[in-house]
Amino acid sequence: IWQFGLFYVLTVFAVGAVEPTLQSYLAEKTPAARRGVLFGIQTMVTSIGWFAAPLVGSALSIRYSTMHVFLSMSIFLGVTFVYTLFVKKIVSRRG
């Protein structure tokens, strides 16, 4: 069970590093009149993720095993990493 505690601490630490950077980037790229809507949507999606992740993790752990929780998280993070690199490449082409 200590792995979950460690993973939670690392997740909160990572979010603390990424969230301000993301908000700064979004503020720069979004017109002032639309920032409120954008930050509202971004906060809503973040909240849904914090709500849904424990439910999905618990369901996987109960249905299969704890190992499947970590396996699915590794796959999800890998797909997210590849997608991020893909999007970064597209954005850098556009200038």
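Throughout what follows, the structure given in this document is the object of discussion. In this text, all values refer to a predicted model and were calculated from it rather than measured experimentally.

Rules used in this analysis
- Residues numbered from 1 in each chain as written.
- Predicted model: local features only at pLDDT ≥ 70, side-chain atom pairs only at ≥ 80, totals over all residues.
- Heavy atoms only, no water.
- Helix = DSSP H or I, 4+ residues; strand = E, 2+ residues; numbered from the N terminus.
- Rg over C-alpha atoms; globule rule 2.2 N^0.38 Å.
- Buried < 20%, exposed > 50% of the residue type's maximum accessible area, 1.4 Å probe, protein only.
- Areas by Shrake-Rupley, 256 points an atom, 1.4 Å probe, with all protein chains shown as cover.
- Axes fitted to C-alpha atoms, helices over the stretch in contact; angles between N-to-C directions.
- Parallel < 35°, antiparallel > 145°, perpendicular 65-115°, else oblique.
- Left-handed = near helix turned anticlockwise from the far one by under 90°.
- Contact = heavy atoms within 4.5 Å.
- Nonpolar A, V, L, I, M, F, W, Y, C, P; charged D, E, K, R; others polar.
- Polar contact = N/O pair within 3.5 Å; in protein donor to acceptor, adjacent residues only side chain to side chain.
- 1 Å grid on protein atoms, 1.4 Å probe; cavity = no way out; pocket = protein on both sides within 12 Å on 5 of 7 lines; lining within 4 Å.
- Points joined across faces, edges and corners; volume = space filled by probe spheres on them.

1. With respect to the overall build of the protein chain
For the protein chain, the helix and strand inventory stands at three helices and zero strands. For the protein chain, the succession of helices and strands along the chain, N to C, is α-α-α. Expected size for 95 residues packed as a compact globule is a radius of gyration near 12 Å; at 16 Å, the protein chain overshoots this value by more than 25%. For the protein chain, the C-alpha atoms occupy an extent of roughly 45 × 30 × 20 Å along the three principal directions. Evaluated residue by residue, the protein chain yields a buried proportion of 5% over its 95 residues. When the accessible area of the protein chain is evaluated, it comes to approximately 7,900 Å², of which 74% is carbon and sulfur surface.

2. Things to note about the packing of helix α1 (residues 2-29) against helix α2 (residues 35-63)
Each pair of packed helices can be summarised by the angle the axes make with each other and by the distance between the axes. Where α1 meets α2, the closest approach of the two axes is 12 Å, and the angle between their N-to-C directions is 165 degrees. As the angle between them shows, α1 and α2 are arranged roughly antiparallel. Along this stretch, α1 crosses α2, giving a crossing that reads as right-handed. Only R35, L38, F39, Q42, T46 and W50 of α2 make contact with α1, whose side of the interface consists of Y8, T11, V12, V15, E19, L22, Q23, L26 and A27. Per-class residue counts for the contact of α1 with α2 are nine nonpolar, four polar and two charged.

3. Structural notes on the side chain of T30
Relative to the helices and strands, T30 resides in the loop between α1 and α2. Given the relative accessible area of 14%, T30 is considered buried. Within the structure, the side chain of T30 is placed 2.7 Å from the backbone oxygen of L26, a separation counted as a polar contact. Not counting residues within four places of it along the chain, the set of residues in contact with T30 comprises R35 and L38.

4. Examining the layout of surface pockets
Put simply, the largest pocket is a space of about 1,900 Å³. Lining of the largest pocket is provided by 42 residues; of these, T11, V15, M73, F76 and L77 occupy positions nearest its centre. Mapped onto the lining of the largest pocket, the elements with two or more residues apiece are α1, α2 and α3 (66-94). Its residues assigned to classes, the lining of the largest pocket comprises 29 nonpolar, 11 polar and two charged.

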